[in-house]
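# Tertiary structure, described
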Amino acid sequence: MWKRWNQKKLLGPILIGLGATSFLVGGLVSLTTKPGDGSSPIANFTQLSPFGNKPQPPERTGMPTPMVSPVVSQPPKQRAETLRKVAKTSSPSLDRSRARYVLASDLVSEGRGQEALEQLQDLEQDYPVLAAQILLKRAQAQEAIDQKKEAVETCQKLVQQYGQDPATAEALHLLGKQNPKYWDQLLQQFPAHPRAIEVAKTQLAKNPKQLPLLLLLARYDLESKDYPDRMEKLVKEFGSQLQPADWEAIAFGLWENQKYDKAAAAYARSPQTALTTYRAARGLHLSSKPGARQRYEAVVKNYAGSPEAGLALTRLAQLAEKPQEKIAYLDQVIPAYPDRAPQALKEKAEALEKSGSGETATQIRQTLLDQFSSSEAAAELRWEVAQQYRKSNNIPLAKQWTEAIATANPKSEIAAKAGFWSGKWAMQLGQKDQAVMSFQRVLKDHPETYYAWRSATLLGWNVGDFNNVRQLTPTVKRPKVRTELTAGSPALQELYHIGQDWDAWSYWQVEFRNRVQPSMEEQFTDGVMRLGVGDNLDGIFMVSNLRDRDKPEDQQKYQSLRKNPSYWHALYPFPYMERIEAWAKDRQLNPMLVTALIRQESRFEAKIESSAGALGLMQVMPDTAKYIASQIKLKEYKLENPEDNIKLGTWYLDYTHEEYQGNTMLAVASYNAGPGAVSDWLAKSKTQDPDEFVEAIPYDETRGYVKSVLGNYWNYLRLYNPEISQKVAQVSPDHPNKEFPAQ
């Protein structure tokens, strides 16, 4: 079950603000304050014990492939010489077959059909995995040199011999230009194929009142910008004719497009299951429409014991206005839904605290620590207690509670933060050996986090600090081979491996049938395939969301996947690398920092627009762009153009660094919130410690933004810089280091 990332809420605008203060937060400064008297600022927390009382792709045979695989991601003109060299080798091999196919595909795209036919001659005999595609390329080459009759005959041969292969959809599309019956076959046999969607839209343009074609688009054209409007017209004109399964398809599409109120209405008319009933409620809840409570109650009543019923009870608790009402719902969750019991206990304690039952709240919290010590809710409680002790200046007790997280909740989302601050507090207490151990533990167990970077910095690694990240120019080495897919037919996997992304994507549209609740393998493959065709935002979302799968078997697969370089390379891709490196060098900026910022701002979507109007890769506001253009005397530019956007965005990132004398943390914060806001925070700050300053940034968005950008920077460094990658691998068994083995 998946939905798109809400891109517009997370893409912040760039603001121009002049006259900001040049005061800088300095490097690490040891605090000299003394521990407090041990009293707890949280009612009755002194009674708690922190630990509780209970301690496959197709087999690639033949000769090695050192020449074709590394060049498939290069532009056609750049790879042509290498491909021709391999294609001319006398001995048949998988590498030679790949070279001939890729070269032929490039030649077809250039309209050089005769040369393509020469490369394709008898190729299917040596390259059977792509036999259907070879016939298709042959037909396309014949079409390019106006051999119409031969092209038709080749397409007919393809349909006859490989009728179930997705390549047949392309052949049917070509044949349909002469005989419309082939388009009917295309629509019936391959409705999810991009060519079928193209034909459906063509026919609807002539006659928009064709319900079967509208339903085809409802199921398979979810990415279209006009999808919500099209569905609204469909419901208005054909609502009385729709079957429950049609409503469910429409509901899912609207849900994916974040039209939650309309999705809720469609789910209410779908076949009623725990999931559809829950989404009918959740859609109203998310869109602040009336009726959510009643629908949640229906989930609880009709699907008792289901995961959706447990989730519905927690939503009802959120909607409750009075503490006792909230507690009543949580009391239903605790005994019946063990996976939700820890969070329910935590929320129950908070409700009891608000209602004046502090002693009972303490008992509930201790129950949470005793019975669910390893839960995320227990980790959150331990962190809250640690923070309260820190505020009262009782550093030893604060450190004790963070150490409890490292021991009892090592996989928690806040374990890295807790481990880092345990190290910082150990430094303040003069416990240098313990500090080193804490920082090393963060790097060992959570090497992908922002706090791993901060730990590496304080351990003296050459990874940059807040004051000098921009000055570094780390070596960048990209992987030599493409990410391995975990799902898809052998033909699809081979097409992707040799860089034929759009053809592979067409196959995937036909093969990916479990779109509502994909398996782990399907979801990862879908994410990688999206990255291949430039859908970076949804691609990164699909890959990153794998960690949130809650079934034990899925979590086991995820833990295995995260040790594979393919997972991390998909999560931190490197599009526009040449442009980024060029402009970073021109602005004297760390290219990995620029890449990290672009990943956070736009997920590498060149034409994306935020709700505030910021545009492009680096999310530059139009007014800001005008100001920058006047400074660099740039007369013409388009913010949707990657070259122009990076040129303008890097100028502004350089500007924010100049405002704060090269301090990257403040520059990045200013990029998000504006120099005026950052200057105000500096003026009011009560600390000279940069880590404390980051945690105290008043804007939740900017605080998260700073950590995300610098966390991204760290991940690009540990993945693509051989020196740091090897260094992380020495301390963390989870770090993938296959690309850069120790020398």
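Refer to the structure printed above.
To keep things clear, this report deals only with the structure shown in the data block.

Take the environment of Pro573 next. Mapped onto the elements, Pro573 comes out in the loop between α31 (565-571) and α32 (577-587). Taking C-alpha positions, Pro573 is 22 Å from Ser506, a pair spaced 67 residues apart along the chain. Setting aside chain neighbours within four positions, we find Pro573 in contact with Leu531, Ile540, Phe604, Tyr716 and Tyr720.

A few words on the packing of helix α7 (residues 148-161) against helix α8 (residues 167-176). At a closest axis distance of 9 Å, the pairing of α7 and α8 adopts a crossing angle of 140°. Here α8 runs oblique to α7, going by the angle between their axes. At the point where α7 passes α8, the crossing takes the left-handed sense. Note on element contacts: α8 touches α7 through Ala167, Thr168, Ala171, Leu172, Leu174 and Leu175, opposite Val152, Cys155, Gln156, Leu158 and Val159. In the contact of α7 with α8, the residues fall into 9 nonpolar, 2 polar and no charged.

Below, the discussion takes up the packing of aromatic side chains. Within this structure, the stated rule accounts for 24 aromatic pairs. Consider the rings of Trp255 and Tyr267, whose centres lie 6.1 Å apart with planes at 75°: the pair is edge-to-face. Of the two residues, Trp255 sits in helix α13 (residues 244-256) while Tyr267 sits in helix α14 (residues 260-267), which places them 12 residues apart along the sequence. Taking relative accessible area as the criterion, Tyr267 reaches 3% and is therefore assigned buried. A centroid spacing of 5.9 Å and a plane angle of 40° characterise the contact between Tyr278 and Tyr296, whose relative ring orientation is tilted. Within this pair, whereas Tyr278 is found in helix α15 (residues 274-286), its partner Tyr296 is found in helix α16 (residues 292-302), the two being separated by 18 residues in sequence. The same class applies to Tyr278 as to Tyr296, namely buried. One aromatic cluster is present, formed by Phe420, Trp421, Trp425, Phe439, Tyr450, Tyr451, Trp453, Phe466 and Tyr713 through successive ring pairs.

About the criteria used
Residues numbered from 1 in each chain as written. Predicted model: local features only at pLDDT ≥ 70, side-chain atom pairs only at ≥ 80, totals over all residues. Heavy atoms only, no water. Helix = DSSP H or I, 4+ residues; strand = E, 2+ residues; numbered from the N terminus. Contact = heavy atoms within 4.5 Å. Axes fitted to C-alpha atoms, helices over the stretch in contact; angles between N-to-C directions. Parallel < 35°, antiparallel > 145°, perpendicular 65-115°, else oblique. Left-handed = near helix turned anticlockwise from the far one by under 90°. Nonpolar A, V, L, I, M, F, W, Y, C, P; charged D, E, K, R; others polar. Phe/Tyr/Trp six-rings, centres within 6.5 Å; stacked < 30°, edge-to-face > 60°. Buried < 20%, exposed > 50% of the residue type's maximum accessible area, 1.4 Å probe, protein only.

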